[in-house]
Amino acid sequence: MPSFEQLKELLHPWGPLRAQPASDWRGTTALPPAVADFYARVGPWGETYHASVGPVGCTLAVHGNPVCIPPLHRLMDYQAGYAWVSHPGQPIAGWPAHWLVIAEQGGDPFIFDTQTQQVLFAFHGAGSWKPVVFAPDLPTAVGALATVANAFSALSDEEADPDGGLAGQGRQKITDALAGFLGSQERALQMLAAWEYFE
């Protein structure tokens with residue numbers, strides 16, 4: 001599992017970080033300790049483009065739609081459309097109470113499972129939620145996403161296909177960067193497959 005200092009270094013290019021206390025959580029249930037630690041020790045905060053909106057969190061350019069990680073005071077808002085309709089009193093059937101969306105990519109959620117501590121990934125619009133395991137814990141998930149974003153942003157024009165795909169060399173650089181973070185090529189390929197990153 002990566003350290004919080006490592007996560008801060010990886011996330012630094014993607015927006016300001018600020019320690020955020022658990023009291024910033026606006027949810028109706030207790031904030032999971034792992035999530036509270038992440039915000040207190042790493043704290044994705046992001047830029048403020050409009051005073052009425054406030055900080056937007058960290059937006060990671062990962063190829064395709066960006067991955068958005070909200071500040072803690074906006075995390076409850078990320079549950080809308082997944083766990084509930086217009087407010088928490090209108091739960092959506094089929095969404096377990098122990099799932100918490102911690103980031104999203106174009107409507108596809110990264111889900112923290114409070115029972116297993118794993119982070120899952122799922123595609124929306126499939127009729128029912130069938131998430132797959134993306135990472136064994138929250139720090140690994142966030143570190144992996146930031147690692148991919150950093151590797152993608154470092155690609156040359158020749159390695160990043162302007163039509164939306166990635167050239168072979170670009171794919172290999174991203175895979176190698178993720179393998180360096182996770183400790184093995186096999187783990188990197190498994191994670192990218194669960195994310196369907198190259199598809």
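Residue positions are given per chain, counted from 1 along the sequence in the order it is written. This being a predicted model, a pLDDT of at least 70 is required before a residue's local features are given, and a value of 80 or more before pairs of side-chain atoms are given or counted; all residues contribute to the totals for chains, interfaces and linings. Side-chain measures were taken over the full set of non-hydrogen atoms in the model, leaving aside hydrogen atoms and water.

Enquirer: I'd like a description of the overall build of the chain, backed by residues and values.
Expert: Note on conventions: DSSP H or I runs of at least 4 residues are helices, E runs of at least 2 residues are strands, and numbering of each starts at the N terminus. Looking only at helices and strands, the chain features 6 helices and 6 strands. Throughout, radius of gyration means the C-alpha value; the globule benchmark is 2.2 Å times the number of residues raised to the power 0.38. Computed over C-alpha atoms, the radius of gyration of the chain comes to 16 Å, within 12% of the 16 Å expected from 2.2 N^0.38 for 199 residues, which places it in the range of a compact globule. Overall size of the chain, expressed as C-alpha extent along the three principal axes, is 50 × 35 × 30 Å. Type-normalised accessible area, obtained with a 1.4 Å probe on protein chains alone, sets the label of each residue: buried when under 20%, exposed when over 50%, and partly exposed for intermediate values. By residue count, 45% of the 199 residues in the chain fall in the buried class. Contacts are assigned to residue pairs with any non-hydrogen atoms lying within 4.5 Å of each other. The long-range fraction of contacts in the chain, counting pairs at least 24 apart against all pairs at least 6 apart in sequence, stands at 51%.

Enquirer: Describe the nonpolar core, with residues and values.
Expert: Buried residues of nine kinds, namely Ala, Val, Leu, Ile, Met, Phe, Trp, Tyr and Cys, make up a nonpolar core once their side-chain atoms join them within 4.5 Å. By size, the foremost hydrophobic cluster in this structure holds 60 residues, and its most contacted members are L60, F110, F134 and W195. No other element matches the 9 residues that helix α4 (residues 138-153) contributes to this core.

Enquirer: Lay out the environment of H124 with the relevant residues and their values.
Expert: Counting through the fold element by element, H124 comes out in the loop between β5 (119-121) and β6 (132-135). For H124, a relative accessible area of 43% puts it in the partly exposed group. Beyond its immediate stretch of four places on either side in the chain, H124 contacts G106, G107, D108 and W129. Whenever two N or O atoms come within 3.5 Å, that pair is a polar contact, provided that in protein one can donate a hydrogen and the other can accept it, and provided that, for residues adjacent in sequence, both atoms are side-chain atoms. A polar contact of 2.6 Å, which involves the side chain of H124, links it to the side chain of D108.

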